[in-house]
Amino acid sequence: MADISIRKVAKSYGKTSVVEALDLDIHSGEFIVVLGPSGCGKSTLLRMIAGLEEISAGDIAIDGTIVNRLEPRERGCAMVFQNYALYPHMSVADNMGYALKVAGVAKAERLARIGRVAETLGLTALLDRRPAQLSGGQRQRVAMGRAMIREPKVFLFDEPLSNLDAKLRVQMRIEIRKLHNRLSATSIFVTHDQVEAMTLADRIVVMNAGKVEQIGTPLEIWHRPASRFVAGFVGMPPMNLLEATVETDTRVRLADGTPIDTPPLALRPGTPVVIGIRAEDVRVGAAVNDPGLVLAVDFVEQLGAAALVHGRFGGHDFVVTAPAALAEGAPEGLALGIDPPALHLFDAATGRRLATVNDAAALARPAVLAPTA
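Residues numbered from 1 in each chain as written. Predicted model: local features only at pLDDT ≥ 70, side-chain atom pairs only at ≥ 80, totals over all residues. Heavy atoms only, no water.

1. A short note on the packing of aromatic side chains
Consideration 1: Here the structure, examined in full by the defined rule, presents six aromatic pairs.
Consideration 2: Aromatic pair Phe-31 and Phe-189: ring centres 6.1 Å apart, planes at 35 degrees, arrangement tilted. Taken together, the residues Phe-31 in strand 3 (residues 31-35) and Phe-189 in strand 8 (residues 186-191) connect sequence positions 158 residues apart. In terms of burial, Phe-31 and Phe-189 fall into one category: buried.
Consideration 3: Relative to Phe-157, the ring of Phe-155 lies with its centre 6.1 Å away and its plane at 20 degrees, an arrangement referred to as stacked.
Consideration 4: One aromatic cluster is present, formed by Phe-31, Phe-155, Phe-157 and Phe-189 through successive ring pairs.
Consideration 5: A cation over an aromatic ring shows up here: Arg-278 above the ring of Trp-222, its NZ or CZ 3.9 Å from the ring centre. (Phe/Tyr/Trp six-rings, centres within 6.5 Å; stacked < 30°, edge-to-face > 60°. Helix = DSSP H or I, 4+ residues; strand = E, 2+ residues; numbered from the N terminus. Buried < 20%, exposed > 50% of the residue type's maximum accessible area, 1.4 Å probe, protein only. Lys NZ or Arg CZ within 6 Å of the ring centre and 35° of its normal.)

2. Thoughts on the layout of surface pockets
Consideration 1: Roughly 570 Å³ of volume is contained in the largest pocket.
Consideration 2: Residue assignment for the lining of the largest pocket shows that the elements contributing at least two residues are strand 6 (77-80), helix 2 (92-102) and helix 4 (136-148).
Consideration 3: Considered class by class, the residues forming the lining of the largest pocket number 18 nonpolar, one polar and three charged.
Consideration 4: Taken as a whole, the second largest pocket holds about 210 Å³ of empty space.
Consideration 5: Lining the second largest pocket are 13 residues, with Val-117, Met-148, Ile-149, Glu-151 and Leu-183 positioned closest to its centre.
Consideration 6: Among the elements that line the lining of the second largest pocket, the one with the most residues is helix 3 (residues 107-121), at four residues. (1 Å grid on protein atoms, 1.4 Å probe; cavity = no way out; pocket = protein on both sides within 12 Å on 5 of 7 lines; lining within 4 Å. Points joined across faces, edges and corners; volume = space filled by probe spheres on them. Nonpolar A, V, L, I, M, F, W, Y, C, P; charged D, E, K, R; others polar.)

3. As for the environment of Pro-263
Consideration 1: With respect to the helices and strands, Pro-263 occurs in the loop between strand 13 (259-261) and strand 14 (272-277).
Consideration 2: Relative accessible area serves as the criterion here: at 1%, Pro-263 is assigned to the buried category.
Consideration 3: A C-alpha to C-alpha distance of 20 Å links Pro-263 and Ala-349, two positions 86 residues apart in sequence.

4. A short note on the side chain of Gln-140
Consideration 1: With respect to the secondary-structure elements, Gln-140 resides in helix 4.
Consideration 2: Take Gln-140: its relative accessible area is 0%, and that puts it in the buried class.
Consideration 3: At a separation of 2.3 Å, a polar atom in the side chain of Gln-140 contacts the main-chain carbonyl oxygen of Pro-160.
Consideration 4: Gln-140 has contacts with Val-80, Phe-81, Gln-82, Tyr-84, Pro-160, Leu-161 and Met-172, leaving out every residue within four places of it along the chain. (Polar contact = N/O pair within 3.5 Å; in protein donor to acceptor, adjacent residues only side chain to side chain. Contact = heavy atoms within 4.5 Å.)

5. Considering unusual backbone geometry
Consideration 1: Of note, the bond from Met-236 into Pro-237 is cis; its omega dihedral lies within 30 degrees of zero at 5 degrees.
Consideration 2: Notably, Asp-63 is not glycine yet its phi reads approximately 55 degrees, a positive angle.
Consideration 3: Turning to its location among the elements, Asp-63 is positioned in the loop between strand 4 (57-62) and strand 5 (65-66).
Consideration 4: The phi torsion at Glu-159 lies on the positive side, around 45 degrees, for a residue other than glycine.
Consideration 5: Looking at where Glu-159 falls in the secondary structure, it is placed in the loop between strand 7 (154-158) and helix 5 (166-183).
Consideration 6: According to the relative accessible area criterion, Glu-159 is buried, its value standing at 11%.

6. Examining a nonpolar patch on the surface
Consideration 1: There is a patch of nonpolar side chains on the surface, built from Tyr-87, Tyr-98 and Val-102 and spanning about 270 Å² of accessible area.
Consideration 2: Locating Tyr-98 in the fold gives a position in helix 2. (Patch = residues over 30% accessible without salt bridge, like charges linked within 9 Å, V, L, I, M, F, W, Y side chains within 5 Å. Areas by Shrake-Rupley, 256 points an atom, 1.4 Å probe, with all protein chains shown as cover. Salt bridge = Lys/Arg side-chain N within 4 Å of Asp/Glu carboxyl O.)

Taken by themselves, the reported measurements are silent on function.
This is the structure we're talking about:
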């Protein structure tokens, strides 16, 4: 296990900045997930830790030693890639043991370690096969075994599940987390998949455009998103975000004039804000003949026991989770109930979260992720 300290680390290609002055402390034995959209700099950060990319500025320390100028093999890290990176002409056993062979480890010791790792990953019966004879999940386990066999201080995972189908992704998520718990290694896992982040991480680092938007546990990220970006990125479906103007210390008004009650705010009337509410936090019922809160339904996604109802509310696209029976038949409208404690509020100019009296109790509520592929 190893602590990792990242101080003011930046990466630029000419005048193009990819990662900007990033600070991060990773504790020994922790499972960190770096989450963000394509092009946000998350894989570049991982490659800088591994030594596969030069650092433009700042320092990376592993176990107290600054590794900026160390070769990748000297850093005590093992990397698992998205495309497996297996040698096609070698057997599973030879792929797993190649690094040990290059390092001059005796054959008997190599075979013993290959056998132990293969048993851990359920690969014993496949040791004589070549990569072309394996399924995607089996290839990924071989790639993980090749990393494990080096007994590294740090495991680095670069979107390792992206090439797998939905069922295999779920299985491999479970295997990776079990492996981490068993080995007690320090793990850094890069992904754009929020479900992977929420289910795997001890802490999540949310990145956007080369910067860290938020660092926190999955529940902290879910219940108290630090910015409008995090609120819209984490959640399936994404959080509903509506532009509004402060009317009183407990009410805002949407662009179309709809009033919404809020937790107490310390903002002047007329201040522009963005309110957010997750689909599952909206109460729904049959539409009523009054000017209350009504969703004009466009279409319904049936998910089995529940449904996602898409429509228009407050002049914005809006989605709610509803019981399948209520949503069946695509009603023209659904009455909405929005409780102030369920609202998230963000500064319209900066996108940063506005604190409310409900933040302290937010973590008491469980996170709910809709099933995704």
